[in-house]
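Read off the chains here:
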Amino acid sequence: MSKLSNAKNTIAVVSQHDFDFRKRFGQNFLVDEGVILRALEAAGVDKDDVIFEIGPGIGTLTQYLCEAAYQVAAIEIDRKLIPILEETLQQYDNVRIINQDVLKTDLLGLAREYEAGRPQDEATGAARRYVPKHDLKIVANLPYYITTPILMGLFRQKVPARSVTVMVQKEVAERMTARAGGKDYGSLSIAVQYYSRPRIVEIVPPESFVPRPKVTSAVVTMELYGEPPVKPVDEELFIAITRAAFEQRRKTLVNALGSNSSVPCGKDSVRQALEKMGLSPSVRGEALSLEEFIKLSDLLKGSEQEQA
Ligand code: SAM
């Protein structure tokens with residue numbers, strides 16, 4: 001089977017199989033070899049790696065992953081794509097096609113099955129339960145309608161991947177990498193930067209896909225931390241605070257946190273915590289860095305315990 005990474009071959013495979021693109025699954029297939037090669041390079045895929053691919057489509061990126069890696073597990077929700085994948089990937093004996101919703105897939109269990117993980121932190125967290133023999137990397141041209149749930153799922157489940165390299169909508173890439181103070185900065189920026197070191201690899205135009213999406217895309221690579229360099233006492237509370245802080249961006253932190261049911265602190269506690277940090281009571285979430293949100297979360301945790 002020749003490579004699918006051009007419009008002619010993609011359209012030929014799709015029409016041979018009478019396949020109709022499904023918008024609701026975010027199906028825009030890559031037809032740009034240069035983008036694929038640079039994404040693989042950014043991910044640092046090598047012959048000893050196990051790769052989880054989310055949404056292989058007709059197998060375009062998968063073909064390159066199979067050639068570059070040790071094993072590939074490709075998780076695809078659309079059962080109509082499975083017979084196509086079986087054909088386009090038939091020459092590779094190192095790929096497993098899993099017909100599932102990635103949001104319902106036990107990725108930790110799958111990592112264990114492949115003895116794959118993050119070898120450098122064998123002594124900590126999820127990786128302690130088994131000794132990984134292979135680096136686990138996640139590479140995907142993501143379905144854009146569920147970018148945030150997929151990323152948050154990977155982070156919160158503590159999937160022991162060394163890196164995550166994904167195609168996302170350009171605006172989302174900008175939010176993932178934004179620093180405090182800017183318009184793109186928000187709860188996604190904080191979560192991504194708490195769990196990883198993100199970098200935009202390149203901006204990708206609509207012409208690199210069939211069918212062409214209405215938006216511009218970007219490849220982002222994230223090197224995941226085994227242990228985040230700065231950690232709050234209560235990670236759940238920290239995440240709840242960052243979400244609440246940006247639910248209504250124009251609100252001050254005192255109002256946004258003090259009146260949100262997922263943050264168990266009143267306005268006075270928030271005001272006092274901000275004062276201890278030397279911040280104005282009228283400050284908004286967009287002004288606080290990741291480290292400051294961690295500090296605020298720890299102070300509010302303390303005040304919550306004092307009241308209990
Ligand atoms: N990787 C292919 C490529 O680059 O040409 C296709 C990428 S396309 C943007 C997204 C793929 O994710 C589609 O094949 C779609 O069917 C699949 N998908 C959508 N939702 C999914 C889910 N919840 N779980 C797994 N795959 C999903």
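Being a predicted model, the structure only gives us computed values, none of them experimental.

**Student:** Give a detailed account of the environment of Val159, specifying residues and quantitative values.
**Tutor:** Structurally, Val159 is set in the loop between helix 6 (147-156) and strand 7 (163-169). A sequence separation of 97 residues divides Val159 from Ala256, and the C-alpha atoms of the two residues are 31 Å apart. When near neighbours in sequence (up to four residues on either side) are disregarded, Val159 contacts Leu107, Leu108, Arg118, Leu136, Ile138, Leu154 and Leu224.

**Student:** Break down helix 3 (residues 60-68) for me, with residues and values.
**Tutor:** By the criterion of burial, helix 3 is predominantly enclosed, with eight of the nine residues buried. Listed in full, the buried residues belonging to helix 3 are Thr60, Leu61, Thr62, Gln63, Tyr64, Leu65, Cys66 and Ala68.

**Student:** Mind laying out the packing of helix 8 (residues 187-195) against helix 9 (residues 235-247), listing which residues take part and the relevant values?
**Tutor:** Close contact between helix 8 and helix 9 brings their axes to 8 Å; oriented N to C, the two are set at 150°. What the angle tells us is that helix 8 and helix 9 run roughly antiparallel. For the pair formed by helix 8 and helix 9, the contact residues are Ser187, Ile190, Tyr194 and Tyr195 on the first element and Glu235, Phe238, Ile239, Thr242, Arg243 and Phe246 on the second. Class assignment of the residues belonging to the contact of helix 8 with helix 9 gives a composition of six nonpolar, two polar and two charged.

**Student:** How would you explain the site of the ligand if you had to name every residue and give the values?
**Tutor:** Surveying the vicinity of the ligand reveals 24 residues, the closest of which are Leu30, Gly55, Glu76, Asn141 and Tyr145. The side chain of Gln27 places a nitrogen or oxygen atom 2.9 Å from an oxygen atom of the ligand. Gly55 is positioned such that a nitrogen or oxygen atom in its backbone is 2.8 Å from a nitrogen atom of the ligand. Within the complex, the protein chains bury 99% of what would otherwise be the 600 Å² of accessible surface of the ligand.

**Student:** Tell me about empty space enclosed by the protein, residues and numbers included.
**Tutor:** Under the definition given, this model contains two cavities of 30 Å³ or more. Here the largest cavity is characterised by a volume of approximately 310 Å³. What lines the largest cavity is a set of 26 residues, and nearest its centre among them are Gly55, Pro56, Gly57, Glu76 and Asn141. Only strand 1 (29-30), strand 2 (50-54), helix 3 and strand 3 (71-76) provide two or more residues apiece to the lining of the largest cavity. Among the residues making up the lining of the largest cavity, the classes are represented as 15 nonpolar, eight polar and three charged. The calculated volume of the second largest cavity comes to roughly 80 Å³.

**Student:** Got a sec to walk through helix 8? Specific residues and values, please.
**Tutor:** Most of helix 8 sits out of view: eight of its nine residues are buried. Along helix 8, the residues that are buried comprise Leu188, Ser189, Ile190, Ala191, Val192, Gln193, Tyr194 and Tyr195.

**Student:** Describe the nonpolar core, with residues and values.
**Tutor:** Counting residues in each nonpolar core, the largest one holds 65 residues, and the members touching the most others are Phe52, Met176, Met222, Leu253, Leu257, Phe293 and Leu296. Looking at which domains feed residues into this core, each of domain 1 (7-224) and domain 2 (235-307) supplies at least three.

How each quantity is defined
- Residues numbered from 1 in each chain as written.
- Predicted model: local features only at pLDDT ≥ 70, side-chain atom pairs only at ≥ 80, totals over all residues.
- Heavy atoms only, no water.
- Helix = DSSP H or I, 4+ residues; strand = E, 2+ residues; numbered from the N terminus.
- Contact = heavy atoms within 4.5 Å.
- Buried < 20%, exposed > 50% of the residue type's maximum accessible area, 1.4 Å probe, protein only.
- Axes fitted to C-alpha atoms, helices over the stretch in contact; angles between N-to-C directions.
- Parallel < 35°, antiparallel > 145°, perpendicular 65-115°, else oblique.
- Nonpolar A, V, L, I, M, F, W, Y, C, P; charged D, E, K, R; others polar.
- Near = heavy atom within 4 Å.
- Polar contact = N/O pair within 3.5 Å; in protein donor to acceptor, adjacent residues only side chain to side chain.
- Areas by Shrake-Rupley, 256 points an atom, 1.4 Å probe, with all protein chains shown as cover.
- 1 Å grid on protein atoms, 1.4 Å probe; cavity = no way out; pocket = protein on both sides within 12 Å on 5 of 7 lines; lining within 4 Å.
- Points joined across faces, edges and corners; volume = space filled by probe spheres on them.
- Core = buried A, V, L, I, M, F, W, Y, C linked by side-chain atoms within 4.5 Å.
- Domains from an automatic or database assignment.

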